[in-house]
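Now for the letters of each chain:
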Amino acid sequence: MKHLLSPLDLSVDETEDLLNLASRIAKNPEKFSHCCDGKKLATLFYEPSTRTRLSFEAAMINLGGSVLGFSSADSSSASKGESVSDTIRVISCYADICAMRHPKEGAPMVAAEKSGIPVINAGDGGHQHPTQTLTDLMTIRELRGSLDNFTIGLCGDLKFGRTVHSLIRSLIRYKNVKFILISPKELRVPDYIREDVLIHNNVEFEEVERLEDVIPQLDILYMTRVQKERFFSEDEYLRMKDFYILNKEKMAAAKDNMYVLHPLPRVNEISVEIDDDPRAAYFKQVQFGVYVRMALILTLLGLDKTV
Amino acid sequence: MKHLLSPLDLSVDETEDLLNLASRIAKNPEKFSHCCDGKKLATLFYEPSTRTRLSFEAAMINLGGSVLGFSSADSSSASKGESVSDTIRVISCYADICAMRHPKEGAPMVAAEKSGIPVINAGDGGHQHPTQTLTDLMTIRELRGSLDNFTIGLCGDLKFGRTVHSLIRSLIRYKNVKFILISPKELRVPDYIREDVLIHNNVEFEEVERLEDVIPQLDILYMTRVQKERFFSEDEYLRMKDFYILNKEKMAAAKDNMYVLHPLPRVNEISVEIDDDPRAAYFKQVQFGVYVRMALILTLLGLDKTV
Amino acid sequence: MKHLLSPLDLSVDETEDLLNLASRIAKNPEKFSHCCDGKKLATLFYEPSTRTRLSFEAAMINLGGSVLGFSSADSSSASKGESVSDTIRVISCYADICAMRHPKEGAPMVAAEKSGIPVINAGDGGHQHPTQTLTDLMTIRELRGSLDNFTIGLCGDLKFGRTVHSLIRSLIRYKNVKFILISPKELRVPDYIREDVLIHNNVEFEEVERLEDVIPQLDILYMTRVQKERFFSEDEYLRMKDFYILNKEKMAAAKDNMYVLHPLPRVNEISVEIDDDPRAAYFKQVQFGVYVRMALILTLLGLDKTV
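Bear in mind that the values here come from a model prediction, so they are computed numbers and not experimental data. (Residues numbered from 1 in each chain as written. Chains lettered and ligands numbered in written order. Predicted model: local features only at pLDDT ≥ 70, side-chain atom pairs only at ≥ 80, totals over all residues. Heavy atoms only, no water.)

Colleague: Describe the overall build of chain A, and please don't skip the residues or the numbers.
Modeller: Across its full length, chain A holds 11 helices and nine strands. The globule rule puts the C-alpha radius of gyration for 307 residues at 19 Å, and the 20 Å found for chain A is close to it. The burial tally for chain A puts 62% of its 307 residues in the buried class. Relative to all contacts within chain A whose residues are 6 or more apart in sequence, the contacts with residues 24 or more apart total 73%. Carbon and sulfur atoms make up 46% of the accessible area of chain A, which totals about 11800 Å². (Helix = DSSP H or I, 4+ residues; strand = E, 2+ residues; numbered from the N terminus. Rg over C-alpha atoms; globule rule 2.2 N^0.38 Å. Buried < 20%, exposed > 50% of the residue type's maximum accessible area, 1.4 Å probe, protein only. Contact = heavy atoms within 4.5 Å. Areas by Shrake-Rupley, 256 points an atom, 1.4 Å probe, with all protein chains shown as cover.)

Now the structure itself:
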């Protein structure tokens, strides 16, 4: 029995296998439309997340399976004080695999210990969100053909953004990936990423404050939201906010094959005027997210070798 | 790619085709039970509406398809400030068609502009609710055999009732339909219906205050709810309320083939004592609503010619 | 047309047939995986109950059918003042069978009167919860081979626990079942159980305060939760609370084949240290709950003779 609790639960080779399968699915989704006939996915969402929940549901339905579950803690037994360990044992009688979103860090890990079925961490607090990371990896690989030899700019709130931290931890396992970290000083990556991950592993990186200073160097630009409340002062926010908004002007300075990713939802950090730019890849990313979740479900159910 | 945003998006001929298909489905629903195998409907309900949502879900399941979505804004990403345009682009990666209910007028139209899949307006504020109108048209046609040559009484709150306005706009496209508008003075149809639709198109109509005065003339009686809060005064309400409650006594004065419709839910405007009267057609109407939605899904997916 | 509103709606013979079918399903669930192809279950949950709702959903999906519905009153039309009678008539147009949970006693019975489809009571206030009782009966029968000739201890809150009352009413229909009722004085079974059910039917029973005094005699121990708020005083609670917590020490005094059941969710009345004891049957009970609901759906749809 295998679970997916952290993106690093999968070795580089296992990730490669998974992305290869996802890629095959992307080319011919129809071919996989009965792989999970009769199988059930439980979506246990202790906090709402429409995008992630529906991506899992679409993935399971695309494979011919069915879905049951809940979309917020209100409509669950959590309110009756049941432990996650008991809930997962019950759910193990109802479904073949589950995706769990929980506000508490570590809840999916606790669940996995007692579970009779594979548990996928669909986000636990500020901690991990491994299927987002797999989606990001698939997107980069599909667009560039490889996860080696490129420069990625990570832009916005790099302090609190869990997707950014997970992506960094995953990408340092590939060859010759250079990181340019673009954020206001108060939202720079924390030391446990800068020191323990980047410096400790001799990874090439750079920290800058302004997107326009570095955009011409980038092969991939990973945008995230910058929230006003996180700035030290209103003045500081007003001075800096435009540095982190991607618009036509900044895109004009970028390479012709620099792709823009975003974990979504966006607010205003990417201007809608660039949505139709062929380099805008954030909606393609959503589609890849479905395929990678299909591949993951097949893999955790042990069906990946049969297709 | 086609959407259904307003009942008038369909020409009379297109409506005819749709109702013909719905009618064929009604006669033999089993025959259509695999038409949408492998297809997915997204139900995006930014405000709750069990009846409408479940009617869409039943329709899609009856066709062999699957359903995913959300049933209220709380459990959606709307709370994270995502625009409807972004949401629909994401949903376009998850589903083949969607039904959207939204408290804001025009939201489904905004969604349709950016959508990769057909969008069905399942109600946008006080504005439009086209599948209710199609349901009403199908019900009248199934019961009477035709949408021409009859007298319809529309009774209750004609000022705020969007279903009534849409039904009027649709029925004036048929031959020799006479309207009798039955309401308290303060709840008469607004000028943009009386002047711009009825008078402007030389449609025969009459406005009266009391249902019992006109019920013998009617071929169809379309009841709606009259809310106490909408009267000028308590006295006025007490004086008038019984005029708009349909009971056995009033039914005794009606034709033997006068059918009663209601968009539901009802409160007390139709007495339960007439539920078993063969002329009470409001629960049949619910069933027709499923068939017309099945026909609509097939049509928008371009599958109507294949069955 | 048949409904299941109370566990006693089924005669002993009908219960036997149902449990036989459930037992056949338990042995080979795959064999039943297409019995309900094209059928729809509506889950009408006017109050949340994840465990029960998902058990019904898993049951229907296991049979090849589909599910639609709502999981709380907020997202239903109940808030618009629609009666349960009207709702069920509408739902009868959408589904082939329904499971209804409602905070008001008797609501499912009211629904059944107007329903065009079988109604299963999935819990109505403190009144009935017949599928829990059928689950309990199946669990005892599967574990012991028979519903005759055993001693059952019912432990905890016997005053307010509806599952306990229903189980007693059902078990007195079998031969030579002895009851040991283990509870604080203030939470003893009410007179309408003690007098009208047990004494009136000459059933052998005993009332005690401490689990450890009687555990060696038991063949089945049915645990329920004891809530602090229900004691007369804090002192009383402190004096007694440990009497109703099942732990390794108490289990050591029990027979080797004494099985422990619990309707779940538990809080702390069963120590997690005994979860791996082979006599701990409360998670098996959950699995049996799915099988018994599969059997029930087949029976109410008239499909039990075809499989």
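Colleague: Can you explain the UniProt feature "binding site: L-aspartate" (unreviewed entry) in chain A? Please cite residues and give values.
Modeller: Residues and elements named next belong to chain A. Annotation from UniProt places "binding site: L-aspartate" (unreviewed entry) at Lys-80, Arg-162 and Arg-225. Relative to the elements of secondary structure, Arg-225 occurs in the loop between strand 8 (220–223) and helix 9 (234–240). Those residues in contact with Arg-225 that sit more than four places away from it in its chain are Asp-157, His-262, Pro-265, Val-267 and Glu-269. (UniProt positions renumbered as here; feature names shortened; annotations may be inferred.)

Colleague: Please give an account of unusual backbone geometry that cites residues and values.
Modeller: Most peptide bonds adopt trans geometry, and most residues besides glycine take a negative phi value. Here the bond from Leu-264 of chain A into Pro-265 of chain A is cis, since omega is -5°, no more than 30 degrees from zero. Residue placement: Pro-265 of chain A occurs in the loop between strand 9 (259–261) and helix 11 (282–300). At Leu-264 of chain A, a residue that is not glycine, the phi angle is positive and equals roughly 60°. Residue placement: Leu-264 of chain A occurs in the loop between strand 9 and helix 11. Positive phi outside glycine occurs at Asn-149 of chain B, with the angle close to 60°. Note on placement: Asn-149 of chain B falls in the loop between helix 5 (130–144) and strand 5 (150–155).

Colleague: Could you give me a rundown of the pairing of strand 2 (residues 66–70) of chain C, with the residues and numbers involved?
Modeller: Residues and elements named next belong to chain C. The sheet contact formed by strand 1 (residues 40–45) and strand 2 spans five bridges and is parallel. Bridged to Thr-43 within strand 2 is Gly-69. Viewed along the sheet, the connection from strand 1 through helix 2 (residues 50–62) into strand 2 turns out right-handed. (Pairing = 2+ DSSP bridges. Right-handed = clockwise from strand over helix to strand, strands pointing away.)

Colleague: Mind laying out the domain arrangement of chain A, listing which residues take part and the relevant values?
Modeller: All names here are of chain A. We note that the domain assignment places domain 1 (7–128 + 289–300) and domain 2 (131–285) within chain A. Here domain 1 and domain 2 have C-alpha centroids that lie 27 Å from each other. Domain 1 puts 28 residues into the contact, and the matching count from domain 2 is 20 residues. Both faces considered, domain 1 and domain 2 share a buried interface measuring about 1900 Å² in area, 56% of it formed by carbon and sulfur atoms. On the domain 1 side of the interface with domain 2, the three residues burying the most area are Leu-8, Leu-19 and Arg-51, jointly 27% of the side's total. Taken together, the connections running from domain 1 to domain 2 amount to one salt bridge. (Domains from an automatic or database assignment. Buried area = accessible area lost by both parts, 1.4 Å probe. Salt bridge = Lys/Arg side-chain N within 4 Å of Asp/Glu carboxyl O.)

Colleague: Can you break down the environment of Asn-176 of chain C residue by residue, with the values?
Modeller: Residues and elements named next belong to chain C. In this structure, Asn-176 sits in the loop between helix 6 (162–171) and strand 6 (177–182). With 25 residues separating them in the primary sequence, Asn-176 and Thr-151 have C-alpha atoms 8.4 Å apart. Setting aside residues up to four positions removed in sequence, Asn-176 forms contacts with Asn-149 and Phe-150.

Colleague: Any details on the relation of the copies chain A and chain C? Residues and values, ideally.
Modeller: Between chain A and chain C, which share one sequence, the superposing operator has a rotation angle of 120° and an axial displacement of 0.0 Å; the RMSD is 0.0 Å. Here the two chains are linked by the operation of a three-fold rotation axis. For chain A, the smallest separation between a C-alpha atom and the rotation axis is recorded for Ser-66 of chain A, amounting to 5.0 Å. (Least-squares fit on C-alpha atoms with pLDDT ≥ 70 in both.)

Colleague: Now, about the packing of helix 3 (residues 84–91) of chain B against helix 4 (residues 107–114) of chain B: what can you tell me, with residues and values included?
Modeller: All names here are of chain B. For the pair helix 3 and helix 4, the least separation of the axes is 8 Å and the interaxial angle reads 55°. Between helix 3 and helix 4, the angle falls in the class oblique. Here the hand of the crossing between helix 3 and helix 4 comes out right-handed. Counted together, Val-84, Ser-85, Ile-88 and Arg-89 of helix 3 and Ala-107, Val-110, Ala-111 and Lys-114 of helix 4 form the full contact between these two elements. Counted by class, the contact of helix 3 with helix 4 contains five nonpolar, one polar and two charged residues. (Axes fitted to C-alpha atoms, helices over the stretch in contact; angles between N-to-C directions. Parallel < 35°, antiparallel > 145°, perpendicular 65-115°, else oblique. Left-handed = near helix turned anticlockwise from the far one by under 90°. Nonpolar A, V, L, I, M, F, W, Y, C, P; charged D, E, K, R; others polar.)

Colleague: How would you sum up the interface of chain B and chain C? Please name residues and give values.
Modeller: With 23 residues of chain B at the interface, the matching set in chain C holds 18 residues. Summed over both sides, the interface of chain B with chain C buries roughly 1900 Å², with 54% coming from carbon and sulfur. Of the charged contacts, one joins Arg-266 of chain B and Asp-86 of chain C as a salt bridge, the two residues approaching to 2.6 Å between their closest N and O atoms. Across the chain B-chain C interface, the total number found is five residue pairs in polar contact (both at pLDDT 80 or more). Elements with a minimum of two residues in the side of chain B that touches chain C: helix 2 (50–62) and helix 11 (282–300) of chain B. Element by element, the count of residues in the side of chain B that touches chain C is highest for helix 2 of chain B, at nine residues. Looking at side-chain class alone, the side of chain B that touches chain C contains 10 nonpolar, six polar and seven charged residues. (Polar contact = N/O pair within 3.5 Å; in protein donor to acceptor, adjacent residues only side chain to side chain.)

Colleague: Describe the packing of aromatic side chains, and please don't skip the residues or the numbers.
Modeller: Scanning all chains against the criterion turns up nine aromatic pairs over all chains. For the cation-ring pair, Arg-293 of chain A lies above Phe-56 of chain A, with the distance from its terminal atom to the ring centre recorded as 4.9 Å. When the ring centre of Phe-243 of chain B is taken as origin, the NZ or CZ atom of Arg-210 of chain B, which lies over that ring, is 4.9 Å away. (Phe/Tyr/Trp six-rings, centres within 6.5 Å; stacked < 30°, edge-to-face > 60°. Lys NZ or Arg CZ within 6 Å of the ring centre and 35° of its normal.)

Colleague: Any chance you could break down the pairing of strand 5 of chain B for me, citing the residues and the numbers?
Modeller: All names here are of chain B. Across the six residues that make up strand 5, a large majority, six, are buried. Of the two faces of strand 5, both are covered, the one formed by Phe-150, Ile-152 and Leu-154 as well as the one formed by Thr-151, Gly-153 and Cys-155. Chirality of the crossover, the property in question, places the unit of strand 5, helix 6 (residues 162–171) and strand 6 (residues 177–182) among those that are right-handed. Summarising the sheet, strand 5 and strand 8 (residues 220–223) pair through four bridges and their orientation is parallel. Its bridge partner being in strand 8, Leu-154 is matched across the sheet by Tyr-222.

Colleague: Pulling in residues and values, what's your account of the sheet that holds strand 3 (residues 97–102) of chain A?
Modeller: Residue and element names in this part refer to chain A. The strand order across the open sheet built from four strands is 2-1-3-4, with neighbouring strands paired in parallel fashion. Because the sheet does not close on itself, it has two edges, and the strands there are strand 2 (66–70) and strand 4 (119–124). Across the sheet, the axes of successive neighbouring strands diverge by a mean angle of 15°, strand direction being ignored.

Colleague: Break down the sheet that holds strand 8 of chain B for me, with residues and values.
Modeller: Residue and element names in this part refer to chain B. With respect to topology, five strands assemble into an open sheet ordered 7-6-5-8-9, the strand pairing being parallel. The open sheet is flanked by strand 7 (205–208) and strand 9 (259–261), the only strands paired with a single partner. Direction aside, neighbouring strands of the sheet carry axes that sit 20° apart on average. Contacts from helix 7 (residues 191–199) reach strand 6 and strand 7 within the one sheet, and its direction differs from that of strand 7 by about 160°.

Colleague: Could you give an account of the environment of Leu-296 of chain A, with specific residues and numbers?
Modeller: One can find Leu-296 of chain A in helix 11. Beyond its immediate sequence surroundings of up to four residues, Leu-296 of chain A is in contact with Leu-4, Leu-18, Ile-120 and Thr-131 of chain A.

Colleague: Summarise the interface of chain A and chain C; cite the residues concerned and give the values.
Modeller: Listed as interface residues are 18 residues of chain A and, on the opposing side, 23 residues of chain C. Interface of chain A and chain C: buried area, both sides summed, is about 1900 Å²; carbon and sulfur atoms make up 54% of it. Between chain A and chain C we count five residue pairs in polar contact (both at pLDDT 80 or more) in total. Here the side of chain A that touches chain C gets five residues from one element, more than from any other, and that element is strand 2 of chain A. The residue inventory of the side of chain A that touches chain C, partitioned by class, reads seven nonpolar, five polar and six charged.

Colleague: So what about the packing of helix 1 (residues 12–27) of chain B against helix 11 of chain B? Which residues, and what values?
Modeller: All names here are of chain B. Two elements in contact, helix 1 and helix 11, have axes whose closest approach is 8 Å; the angle formed by their N-to-C orientations is 120°. By the angle class used here, helix 1 and helix 11 are oblique. Like other packed secondary-structure pairs, helix 1 and helix 11 cross with a definite hand, here right-handed. Here helix 1 contributes Leu-18, Leu-19, Leu-21, Ala-22, Ile-25 and Ala-26 to the contact with helix 11, which in turn contributes Tyr-291, Val-292, Met-294, Ala-295, Leu-296, Leu-298 and Thr-299. Looking at side-chain class alone, the contact of helix 1 with helix 11 contains 12 nonpolar, one polar and no charged residues.

Colleague: Describe the side chain of Ser-55 of chain C, with residues and values.
Modeller: The residue Ser-55 of chain C is located in helix 2 in this model. Here Ser-55 of chain C falls in the buried class, since its relative accessible area comes to 1%. Non-local contacts of Ser-55 of chain C, meaning those with residues more than four positions away in its chain, are made with Tyr-94 of chain A together with Gly-289, Val-290 and Arg-293 of chain C.

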